[in-house]
Amino acid sequence: MTAAESTTHDELKIPEGRTDRLILKPLELADAAQIQQLFPRWEIVRYLANRVPWPYPPDGALQFCREAALPEMERGEAWHWTLRRITEPETIIGLIGLTRGEDENRGFWLDPQWQRQGLMSEACVWVNDFYFDVLGFERMRVSKAAANLVSRHISEKQGMHLVSVGEKDYVCGRLKSEIWEITADEWRAWKESHSETDFI
Ligand SMILES: CC(C)(COP(=O)(O)OP(=O)(O)OC[C@H]1O[C@@H](n2cnc3c(N)ncnc32)[C@H](O)[C@@H]1OP(=O)(O)O)[C@@H](O)C(=O)NCCC(=O)NCCS
């Protein structure tokens, strides 16, 4: 039975992922210290949903891991990975996560010094495969601020389409928001019709 079919705790052990340049390592409590160093920056948080506390408390990452992300993973409701470069596997450079639910199935952020090199696009390909092929979900929806052009661009170039617009509260305030969607069949067709060089 896949996670998508299960309504109870899902026994799947979350695997480590690999792409050309990245290791996706399942989140652990020990990651909180590095996340705390990296995450609380305006350029990372401004377009995230305002459930992210801001100013970010000194134990914000610990709380996120201990109270939210890890219990969700235990319950089979979410799957979070830290991102590391293969060439420096001890150093966290970002996070990507999948969540069961209606409109917010994937979220991500990356250390600004590693942005704009196609790394998150690369991580998304691995994570989408996991979501559709291993977890067995039929539809992925992601929510984002319309002003978040970079995130929007990743959705667009990887075959998602816009399904609705609204307003949402972000760390930077209330903004126009969008929901983008792709089905399992559309994702597989997108991959078929693109070569690996399009994945970054
Ligand atoms: C969103 C984020 C993870 C992207 O990471 P990244 O590794 O830089 O993304 P990539 O390099 O894989 O892809 C970015 C794409 O956006 C494009 N892009 C960059 N600036 C852009 C802009 N101003 N307008 C439109 N597209 C833009 C890039 O050219 C690239 O597309 P390409 O591969 O076709 O050239 C990173 O910007 C981030 O951490 N932002 C803060 C957190 C956040 O907003 N998370 C998402 C919440 S929905």
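Above this text sits the structure in question.
Residues numbered from 1 in each chain as written. Predicted model: local features only at pLDDT ≥ 70, side-chain atom pairs only at ≥ 80, totals over all residues.

**A word on the overall build of the protein**
In step 1: Helix and strand counts for the protein stand at six helices and eight strands.
In step 2: Overall, the protein is about 45 × 35 × 35 Å in size when its C-alpha atoms are taken along their principal axes.
In step 3: Of the contacts formed within the protein by residues at least 6 apart in sequence, a portion of 63% connects residues at least 24 apart. (Helix = DSSP H or I, 4+ residues; strand = E, 2+ residues; numbered from the N terminus. Contact = placed C-beta atoms within 7 Å.)

**Examining the site of the ligand**
In step 1: The local shell around the ligand holds 21 residues, among which Q115, M120, S121, L149 and H153 are the closest.
In step 2: Considering every element that reaches the shell around the ligand, the biggest residue donor is helix α5 (residues 149–157), with six residues.
In step 3: Of the residues that constitute the shell around the ligand, the class distribution is eleven nonpolar, seven polar and three charged. (Near = placed C-beta within 6 Å. Nonpolar A, V, L, I, M, F, W, Y, C, P; charged D, E, K, R; others polar.)

**Considerations on the nonpolar core**
In step 1: Within the largest apolar cluster, 40 residues are counted, with the highest numbers of intra-cluster contacts made by I35, L83, I96 and A123.
In step 2: Top contributing element to this core by residue count: helix α4 (residues 119–134), with eight residues.
In step 3: If near-sequence neighbours (up to four positions away) are discounted, I35 is found in contact with A61, I92 and L95. (Core = buried A, V, L, I, M, F, W, Y, C linked by C-beta atoms within 7 Å. Buried ≥ 20, exposed ≤ 12 C-beta atoms within 10 Å, placed from the backbone.)

**Here we look at helix α3 (residues 60–74)**
In step 1: When the terminal C-alpha atoms of α3 are compared, their 20 Å separation across 15 residues agrees well with the 21 Å that a helix rising 1.5 Å per residue should span.
In step 2: At R66, α3 is deflected by roughly 30 degrees, the largest bend along its length.
In step 3: Here α3 has its buried residues at A61, F64, C65 and A69.
In step 4: Turning to α3, the residues buried within the fold contact α1 (32–38) and β3 (78–85).
In step 5: Taken from the residues just after α3, G76 is the one with a positive phi, measuring 70 degrees. (Expected span 1.5 Å × (residues − 1). Bend = angle between axes of the 7 residues up to and from the residue.)

**So, the sheet that holds strand β1 (residues 17–18)**
In step 1: Spatial strand order, β1-β2-β3-β4-β5: five strands in an open sheet with antiparallel pairing. Both edges of this open sheet fall to β1 and β5 (106–110), since each of them pairs with a single strand only.
In step 2: As paired strands, β1 and strand β2 (residues 22–26) are joined by two bridges and run antiparallel to one another. Pairing of G17 across the sheet is with L24, part of β2. (Pairing = 2+ DSSP bridges.)

**Remarks on the sheet that holds strand β7 (residues 161–170)**
In step 1: Ordered in space as β6-β8-β7, the three strands form an open sheet in which the pairing is antiparallel. Edge positions in the sheet fall to β6 (139–145) and β7, since each has one partner strand and no second. Within this sheet the neighbouring strands show an average axis-to-axis angle of 25 degrees, counted without direction.
In step 2: Where β6 and strand β8 (residues 173–183) come together, seven bridges link them in antiparallel fashion. Within β8, the position partnered with K144 by the bridge is E178. (Axes fitted to C-alpha atoms, helices over the stretch in contact; angles between N-to-C directions.)

**Describing the pairing of β8**
In step 1: Pairing analysis gives nine bridges linking β7 to β8, with the strands arranged antiparallel. For K168, the partnering residue across the bridge sits in β8 and is L175.
In step 2: The hairpin turn running from β7 into β8, its antiparallel successor, is two residues long.

**Quick look at α5**
In step 1: Turning to α5, its buried residues are S151, I154 and S155. Projected down its long axis, α5 shows its buried positions confined to an angular sector of 95 degrees, all on one face. Of the residues in α5, the exposed ones pointing more than 90 degrees away from the buried face are L149, V150 and H153.
In step 2: Where the residues of α5 are buried, they touch α4, β6 and β8.
In step 3: In the segment just after α5, G159 is the residue with positive phi, at about 85 degrees. (Arc of directions from axis to C-beta.)

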